[in-house]
Amino acid sequence: MAHGFGQLGLTFDDMADILGISRRTVAREFSEGEASDFVTEYRRGRANTNRSIRMKILQRAIKEDKDNVLLFAAKNYCGMKERSIIRGRFPLTLLWVAR
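Bear in mind the structure is a predicted one, so any value in this text is a computation, not a measurement.

## Observations regarding the packing of aromatic side chains
Within this structure, the stated rule accounts for 4 aromatic pairs. An aromatic cluster is defined as three or more aromatic residues linked by ring pairs; in this entry it consists of Phe 5, Phe 12, Phe 30, Phe 38 and Tyr 42.

## A word on the nonpolar core
Counting 9 residues, the largest nonpolar core is built from Ala 2, Phe 5, Leu 10, Met 15, Ala 16, Val 26, Phe 30, Val 39 and Tyr 42. At the level of elements, α1 (2–8), α2 (12–19), α3 (23–31) and α4 (37–64) are the ones that each hand at least two residues to this core.

## Some details on the environment of Gly 4
Locating Gly 4 in the fold gives a position in helix α1. Judged by relative accessible area, which is 26%, Gly 4 ranks as partly exposed. With 40 residues separating them in the primary sequence, Gly 4 and Arg 44 have C-alpha atoms 9.4 Å apart.

## Regarding the packing of α2 against α3
Where α2 meets α3, the closest approach of the two axes is 8 Å, and the angle between their N-to-C directions is 115 degrees. Judged by the twist between their axes, the crossing of α2 over α3 is right-handed. For the pair α2 and α3, contact is made by Phe 12, Asp 13, Met 15 and Ala 16 and by Arg 23, Val 26, Ala 27 and Phe 30, respectively. Here the residues of the contact of α2 with α3 are counted per class, giving 6 nonpolar, no polar and 2 charged.

## Concerning α4
Residues spaced three or four apart along an α-helix face the same direction, because each turn holds 3.6 residues. The first and last C-alpha atoms of α4 sit 40 Å apart over 28 residues, in line with the 40 Å expected at 1.5 Å per residue. What α4 keeps buried is the set Val 39, Thr 40, Tyr 42, Gly 45, Ile 57 and Ala 61. Where α4 is buried, its residues contact α1, α2, α3 and α5 (67–77). With a side-chain oxygen lying 3.3 Å from the backbone nitrogen of Phe 38, the N-terminal cap of α4 falls on Ser 36. With its phi angle positive at about 50 degrees, Asp 65 sits one or two positions after the end of α4.

## Considering the pattern of salt bridges
The tally for this structure, following the rule as stated, stands at 4 salt bridges. Here Arg 23 ties to Asp 13 by a salt bridge, and the two come within 3.2 Å at their closest N and O atoms. Of this pair, Arg 23 sits in helix α3 while Asp 13 sits in helix α2, and the two are 10 residues apart along the sequence. Residue classification places Arg 23 among the partly exposed residues on the basis of a relative accessible area of 44%. Among the salt bridges present, the one from Glu 64 reaches Arg 60, with a minimum N-O distance of 3.2 Å. Within this pair, Glu 64 and its partner Arg 60 are both found in helix α4, separated by 4 residues, close to a single helical turn. The class of Glu 64 is partly exposed, set by a relative accessible area of 40%.

Calculation criteria
Residues numbered from 1 in each chain as written. Predicted model: local features only at pLDDT ≥ 70, side-chain atom pairs only at ≥ 80, totals over all residues. Heavy atoms only, no water. Phe/Tyr/Trp six-rings, centres within 6.5 Å; stacked < 30°, edge-to-face > 60°. Core = buried A, V, L, I, M, F, W, Y, C linked by side-chain atoms within 4.5 Å. Buried < 20%, exposed > 50% of the residue type's maximum accessible area, 1.4 Å probe, protein only. Helix = DSSP H or I, 4+ residues; strand = E, 2+ residues; numbered from the N terminus. Axes fitted to C-alpha atoms, helices over the stretch in contact; angles between N-to-C directions. Left-handed = near helix turned anticlockwise from the far one by under 90°. Contact = heavy atoms within 4.5 Å. Nonpolar A, V, L, I, M, F, W, Y, C, P; charged D, E, K, R; others polar. Expected span 1.5 Å × (residues − 1). Polar contact = N/O pair within 3.5 Å; in protein donor to acceptor, adjacent residues only side chain to side chain. Salt bridge = Lys/Arg side-chain N within 4 Å of Asp/Glu carboxyl O.

Structural data, given as structure tokens:
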């Protein structure tokens, strides 16, 4: 169950409503961190969804060769940043890896 909650990215409030418990009870369970099997499974589910989304974005960026998707992937997964430099009358937009 916790794995599924993590896959969906449910909030403490969402989980509390579904389980019929208080938000405070859910928060207390999460405060235990890795000592809690529930938290471990939730995080595992969340990580699986995040990985799937990243893979889909990167596959789409490469397969469809869409500039906007490639830029999104470059910024979010490669740590690149977009900066504008104004020289003369026209701005120049650059991408580079942030270090």
